[in-house]
Amino acid sequence: MGEPLATALAEVRDLLLGDGLLRAVAAGRRRGAQPSAPRVELRAVTVSAGRRVVVTERHERVPLTRTLDAAALVPAVDALLAEPFGNWHVEHAGGTLQLRVTKRGEAQVHRSSRAADDAPAAPAASHDRAKQHRLPPDDPLFDAVGAGAAKRRQVDAFLGRLDDVVPAQPADRPLRVVDLGCGNAYLTLAAHRWLSRRGPVETVGVDVRDDVIARNTELVGRIGETGVRFVVDSAGRWEPDAAPDVVLALHACDTATDEALAQAVGWGARAVLAAPCCHKDLRRQVDARAGHAVDGAGAALRPMLRDGILRSRLLDTATDALRADLLRLHGYRTDAVELVDPEHTPRNTLLRAVRTGAAAPAGLAEEVEATCAALGVRPRLADLLA
Ligand SMILES: C[S@@+](CC[C@H](N)C(=O)[O-])C[C@H]1O[C@@H](n2cnc3c(N)ncnc32)[C@H](O)[C@@H]1O
C-alpha cells in the first residue's frame, strides 16, 4: 500500500536532521524526472568540533563532498528532498527506513527497527578507543555481504587494529585504501564505511577471481555504497592510478600476502595491515629437502622440525617474523599482534606496519640472513623486495 509521498518525505527529513542518523543514500529517479546527481550519500561523523554530516554527491566519477554542521544541514536536506530521487535508504540509531517512489508518485516505505540493546553507538571520532563494536554485528552491511558471525568478529577486530595506525585524512583528496585478495569484500566494505566516518575515502578491492568481483560490483550498486570499486587482478600485478595510503589484506592466500606487502612497500603506503593465512612458502622449501628437512638444519632447530605439526607452526611463525623484519628493513615500524580470539579463527596473527622512513635497527639485515640460513629458506617477500 502506498503512502502519501509528502508525509513519507517528512519522516525522512526528521531522520536526516535527527541525532540518530548514521547514513543515508538517495538514488534513482522518479518517472520522467532527473535529479541533479545520480546518487547522494549522507554520513554522520564526529569531529573535534562536534557532530557533522558529510554529504557526498556523485557526478559521473567525480565526488563532490561537503561537511555540514546542524545549521547548514537543514537547507541542504531540504534541497535534497526536493530533488526527484526514486529511492531513499536511511540507517539510523533506531533501525532503517527504505522509501521507494512508485510510478503513481506514491511512497512505498519499509521500516525495520533495531532491538533496543542492539542500538549502535553514536558515530565515533577517529581517536575514540572505547571498547565497542566499530560496526555493530547487526549492521545491515553484514547482512548485505552475507558475512557469518566469525567473519563479522574478524572484520570488527581488524577495524579496531586499523584505527590505531590509519593516517590522518588528506586535506585535498580522499584517503585511498586498497584491499588485496578482497574475496567477498567483507573487510573492503566495512573498512570503507568505517573510514568514511572521518572524511572521503576511495577504496578498491582486488581479487584474482572474476566471479567474486562481479558479485561485489553488483552488491555495491544494490546497496548504494559510493567510492568503492572492484578489480579483477592479482595482488602483485595490479597497478593503481595513484598510490594507496592504506593497504589491507585479510587472509590473502599464501604468498598473496607477500605480494600485498611488497606492493605496499613499493607504493610507499603509509599504513599496512595484513592477516596472513595458509603459510605454504617456507613449508614447501623445507619439505622439498626430502629426508633432509631435519638433518639439514642446525642442532638448535632440529627438535622443532622433527614432527610435522611443530614444523608447520615453527615455519608459520618464521614466515611472519621474517615478513615483519623485512618491512622494518624498508622503513616501516611494524608489530605482530593478535587479530581476534583464536576461537574465531586460527589465522589470527596481524602484521601492522606504519611507514616512518626510519633506518632499520643495526644488525637486523644480518639477523634475517641468519634465520633464513638456519632454516635453509628464502622467503617470497625477500625476493619480491629485492
Ligand atoms: C581466504 S580468501 C579471503 C578473502 C577476504 N579477504 C576475506 O577475508 O574474507 C582469499 C582470497 O584471496 C584471493 N587471492 C588468492 N591469491 C591472490 C592473488 N595473488 N591476488 C589477488 N587475490 C588473490 C582469493 O581469490 C580469495 O578470494
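- The protein goes by Class I SAM-dependent methyltransferase in an unreviewed UniProt entry, where it is assigned to Aquipuribacter hungaricus.

## A word on the overall build of the protein
Phase 1: From N to C terminus, the protein includes 12 helices and 14 strands.
Phase 2: Looking at the protein as a whole, 52% of its 386 residues qualify as buried.
Phase 3: The contacts in the protein between residues at least 6 apart in sequence include a share of 68% that link residues at least 24 apart.
Phase 4: Carbon and sulfur atoms make up 52% of the accessible area of the protein, which amounts to about 17500 Å² in all.
Phase 5: Averaging the positions of the 51 positive and the 51 negative side-chain charges in the protein gives two centres separated by 2 Å.

## Considerations on the site of the ligand
Phase 1: Close to the ligand lie 16 residues; Lys151, Gly181, Asp207, Ala235 and Leu250 are nearest.
Phase 2: Within the backbone of Ala235, an N or O atom sits 2.7 Å from a nitrogen atom of the ligand.
Phase 3: Where the shell around the ligand is concerned, the elements lending two or more residues are β11 (246–253) and α7 (256–267).
Phase 4: Take the shell around the ligand: its biggest share by element is 3 residues, from β11.
Phase 5: In terms of residue class, the shell around the ligand is made up of 7 nonpolar, 4 polar and 5 charged.

## Comments concerning the domain arrangement of the protein
Phase 1: If you check the domain split of the protein, you get domain 1 (5–118) and domain 2 (140–385).
Phase 2: Just the C-alpha atoms count here: the centres of domain 1 and domain 2 sit 36 Å apart.
Phase 3: Contact with domain 1, which involves 12 residues of that partner, is made by 14 residues of domain 2.
Phase 4: Each partner contributes to the roughly 1200 Å² buried at the junction of domain 1 and domain 2, and carbon and sulfur atoms together form 48% of this total.
Phase 5: Counting across the interface, domain 1 meets domain 2 through 3 salt bridges.
Phase 6: Notably, a salt bridge pairs Glu225 with Arg43, separated by 2.7 Å at the nearest N-O pair.
Phase 7: Connecting domain 1 to domain 2 are 6 residue pairs in polar contact (both at pLDDT 80 or more).
Phase 8: Among the secondary structure elements, those contributing two or more residues to the side of domain 1 that touches domain 2 are β1 (21–27) and β2 (39–47).
Phase 9: By residue number, the principal contributor to the side of domain 1 that touches domain 2 is β2, which donates 5 residues.

## Re the confidence of the model for the protein
Phase 1: Averaged over every residue, the pLDDT of the protein is 88; residues scoring 70 or more account for 91%.
Phase 2: Confidence over residues 116–131 falls short of pLDDT 50; this stretch has 26 contacts with residues more than four positions distant or in other chains.

## Structural notes on the pattern of salt bridges
Phase 1: On inspection of all chains with the given rule, the structure shows 27 salt bridges.
Phase 2: With a shortest N-O distance of 3.1 Å, Glu3 and Arg111 are connected by a salt bridge. Within this pair, whereas Glu3 is found in the segment before α1 (5–17), its partner Arg111 is found in strand β7 (residues 107–113), the two being separated by 108 residues in sequence.
Phase 3: Judged by its relative accessible area of 23%, Glu3 falls in the partly exposed class.
Phase 4: Classification of Arg111 by relative accessible area gives partly exposed; the value is 39%.

## A look at the nonpolar core
Buried together is how nonpolar side chains tend to be arranged in soluble globular proteins.
Phase 1: With 43 residues, the main nonpolar core has Val178, Leu180, Trp238, Val247 and Val272 as its most contacted residues.
Phase 2: When near neighbours in sequence (up to four residues on either side) are disregarded, Val272 contacts Val247, Leu261, Ala264, Tyr332, Leu351, Arg352 and Ala353.
Phase 3: Phe158, Leu159, Leu175 and Ile213 belong to the second largest nonpolar core, which has 42 residues in total.

## Looking at the packing of helix α10 (residues 308–329) against helix α11 (residues 364–375)
Phase 1: The geometry of α10 relative to α11 is characterised by a closest axis approach of 10 Å and an angle of 155° between their N-to-C directions. The orientation of α10 with respect to α11, classified from their angle, is roughly antiparallel. Every pair of crossing elements has a handedness; the one defined by α10 and α11 is left-handed. Listed contacts from α11 to Leu314, Leu315, Ala318, Leu322, Asp325, Leu326, Arg328 and Leu329 of α10 are Leu364, Ala365, Val368, Thr371, Cys372 and Leu375.
Phase 2: Here the contact of α10 with α11 is composed, by residue class, of 11 nonpolar, 1 polar and 2 charged.

## Quick notes on the side chain of Asp179
Phase 1: Structurally, Asp179 is set in strand β8 (residues 175–180).
Phase 2: Despite its burial, Asp179 pairs with no opposite charge; the closest candidate is Lys151, at 9.2 Å N-O.
Phase 3: Only 2.8 Å separates the side chain of Asp179 from the side chain of Thr188, close enough to count as a polar contact.
Phase 4: Aside from chain neighbours lying at most four places away, what touches Asp179 is Leu187, Thr188, Val204, Gly205, Val206, Leu248, Ala249 and Leu250.

## A look at the pairing of strand β14 (residues 349–355)
Consecutive side chains along a regular strand alternate between the two faces of the sheet.
Phase 1: The buried fraction of β14 is high, at 5 of 7 residues.
Phase 2: Across 4 bridges, strand β12 (residues 271–277) lies against β14 in antiparallel orientation. By the bridge assignment, Leu273 is partnered in β14 with Arg352.
Phase 3: Sheet topology note: the strand β13 (residues 332–338)/β14 ladder contains 7 bridges and is antiparallel. Across the sheet, Val337 pairs through a bridge with Leu350, a residue of β14.

Reading guide: rules and limits
Residues numbered from 1 in each chain as written. Predicted model: local features only at pLDDT ≥ 70, side-chain atom pairs only at ≥ 80, totals over all residues. Heavy atoms only, no water. Helix = DSSP H or I, 4+ residues; strand = E, 2+ residues; numbered from the N terminus. Buried < 20%, exposed > 50% of the residue type's maximum accessible area, 1.4 Å probe, protein only. Contact = heavy atoms within 4.5 Å. Areas by Shrake-Rupley, 256 points an atom, 1.4 Å probe, with all protein chains shown as cover. Lys, Arg positive; Asp, Glu negative; His and termini not counted. Charge placed at Lys NZ, Arg CZ, Asp CG, Glu CD. Near = heavy atom within 4 Å. Polar contact = N/O pair within 3.5 Å; in protein donor to acceptor, adjacent residues only side chain to side chain. Nonpolar A, V, L, I, M, F, W, Y, C, P; charged D, E, K, R; others polar. Domains from an automatic or database assignment. Buried area = accessible area lost by both parts, 1.4 Å probe. Salt bridge = Lys/Arg side-chain N within 4 Å of Asp/Glu carboxyl O. pLDDT = per-residue confidence, 0-100. Core = buried A, V, L, I, M, F, W, Y, C linked by side-chain atoms within 4.5 Å. Axes fitted to C-alpha atoms, helices over the stretch in contact; angles between N-to-C directions. Parallel < 35°, antiparallel > 145°, perpendicular 65-115°, else oblique. Left-handed = near helix turned anticlockwise from the far one by under 90°. Pairing = 2+ DSSP bridges.

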